[in-house]
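Breakdown of the fold
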Amino acid sequence: MQSISPEIIFRGSNAWEKALPHIIELTKSPLILGRSFYTNNLRSKIFRDLKNQNLDVNSASLEFDCCYEDISKVKSIILNNSHDSVIAAGGGKVLDSGKYIADCLNIPCITVPLSASTCAGWTALSNIYTKNGQFIKDVALKSCPKILVYDHKFIQTAPSRTLASGIADALAKWYESSITSSTIDDGLVQQAIQISRVLRDQLLIDGEKAFKGEFENSSWRNTVEACGLTAGLVGGIGGEKCRTAAAHAIHNAITQIITPNKFLHGEIVGVGLLLQLRLEEMKNNNKLADQSMKQLLGLMTGLNLPITISDLGINVFENQNLDKIADFTCRDKSEIHFLPFEISKQDVIDVIANFEQQKIKI
Ligand SMILES: [Zn+2]
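Residue positions are given per chain, counted from 1 along the sequence in the order it is written. Local features in this predicted model are restricted to residues whose pLDDT is 70 or higher, and side-chain atom pairs enter the listing and the counts only when it is 80 or higher, whereas totals over whole chains, interfaces and linings include all residues. Only hydrogens and water are set aside when side-chain values are computed; all heavy atoms of the structure are taken into account.

**With respect to the coordination of the zinc ion**
Distances decide who is a donor: an N, O or S atom must be within 2.8 Å of the metal, or within 3.2 Å for Na, K and Ca. Water is not included, so sites may look incomplete. For the zinc ion, the full set of protein donor atoms is Asp169 (OD), His248 (NE2) and His265 (NE2), at a range of 2.1 to 2.2 Å. Donor residues for the zinc ion sit on one chain with the sequence pattern D-x78-H-x16-H. In this pair, Asp169 sits in helix H6 (residues 160-181) while His265 sits in helix H10 (residues 265-284), placing the two residues 96 residues apart along the sequence. You'll find Asp169 and His265 in the same group, each marked buried. The secondary structure listing takes helices from DSSP runs of H or I that are at least 4 residues long and strands from runs of E that are at least 2 residues long, numbered from the N terminus. Here's how the labels work: a residue is buried when its accessible area is under 20% of the maximum for its type, exposed when over 50%, partly exposed in between, all with a 1.4 Å probe on protein chains only.

What follows is the structure, encoded as structure tokens:
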């Protein structure tokens, strides 16, 4: 069974207004789920609009990440108040929590991404973290959300940092799926990889213009939709065979180190992506990896993205951090083992140590 996309997608300016009549048909008593203080105004608007349609609406906030503590708290609110749907309005962690909770309770989920930071509004997947933000596992859900509302006016209100993060996460689709899945003899998987290549090209052309330019010009529109929609489509068509690889494995490992400053998913994935390319160069003698690295470094610098693990506020040479990161990256179930060549813990240590020590030139 494969769930390729949300049942209905509304996109563009005024997508929320267009979605409203369909939402009213689907649900009588929704719970709006959010988290960030910065999205309060938008969530209040969503609340008011639904209330004005005479829906029995309620709202709840996550205290931490998409973690079991918050999930069970929100589940009880839904069960105690007999809510019949979840409207998840926020970034990736909120969307993942809403989808996971709706899936557990067999009620529909409506996703309303409030930034372009991930494709979580689209996919049938939730990443579970501890309440301190340490990655635990990803969970495949029964289906993609029932309705996805990708309202450009909402996305515009997000800090530009979220767009840069979304670009790094969407770029990883190509670099990870092309190396893990290019030998899979399945037409849909091959086509999904080709879509991710076009997606990468689009981001290399438009990403920086979108980040620095005006809202709603064509670069901005193409970029936010590439991050929030197309990246999700690649996962939907490619399914579990269109796999993540080292970039996400290294992301998951970096989240194990608790730091005072939180970084966004794509910001950490971007660092993982550069390290993956170094591994490809070192272990697979891939000459193109160095070219890709230079191209990516240029774009990532233009987007003010972190480049090294120390940019993420972690000194790998302290507290056995390097050892901890390499251990988690190479654990049994890690996606790093989807790479078509053997990777040992020492390889990861060497690549990271080397990368952190050298002055990176663009
Ligand atoms: Zn990701």
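So, next bit.
**Quick notes on unusual backbone geometry**
Of note in this structure, Asn304 is not a glycine but carries a positive phi near 55°. Overall, Asn304 belongs to the exposed group, its relative accessible area being 65%. Positive phi values are uncommon outside glycine, yet Asn319 reaches one of about 50°.

**Section: the packing of helix H9 (residues 246-254) against H10**
Angular values range over 0 to 180 degrees, each being the angle between N-to-C directions of two axes fitted as lines to C-alpha atoms, with helices fitted over their stretch in contact. Orientation of H9 relative to H10, taken along the N-to-C sense of each, is 125°, at an axis distance of 7 Å. Comparing their axes, H10 and H9 come out oblique. The crossing of H9 and H10 is right-handed. Contacts from Ala246, Ala247, His248, Ile250, His251 and Ile254 of H9 reach H10 at His265, Ile268, Val269, Gly272, Leu273, Leu275, Gln276 and Leu279. Polar here means any residue outside two lists: the nonpolar Ala, Val, Leu, Ile, Met, Phe, Trp, Tyr, Cys and Pro, and the charged Asp, Glu, Lys and Arg; Gly therefore counts as polar. Of the residues belonging to the contact of H9 with H10, the class tally is nine nonpolar, five polar and no charged. In what follows, roughly perpendicular refers to angles from 65 to 115 degrees, roughly parallel to angles under 35, roughly antiparallel to angles over 145, and oblique to any angle outside these ranges. Rotating anticlockwise by less than a right angle from the far helix to the near helix defines a left-handed crossing, while the corresponding clockwise rotation defines a right-handed one. Residue contacts follow a heavy-atom distance rule, with two residues in contact if any of their heavy atoms lie within 4.5 Å.

None of this, on its own, says anything about what the molecule does.
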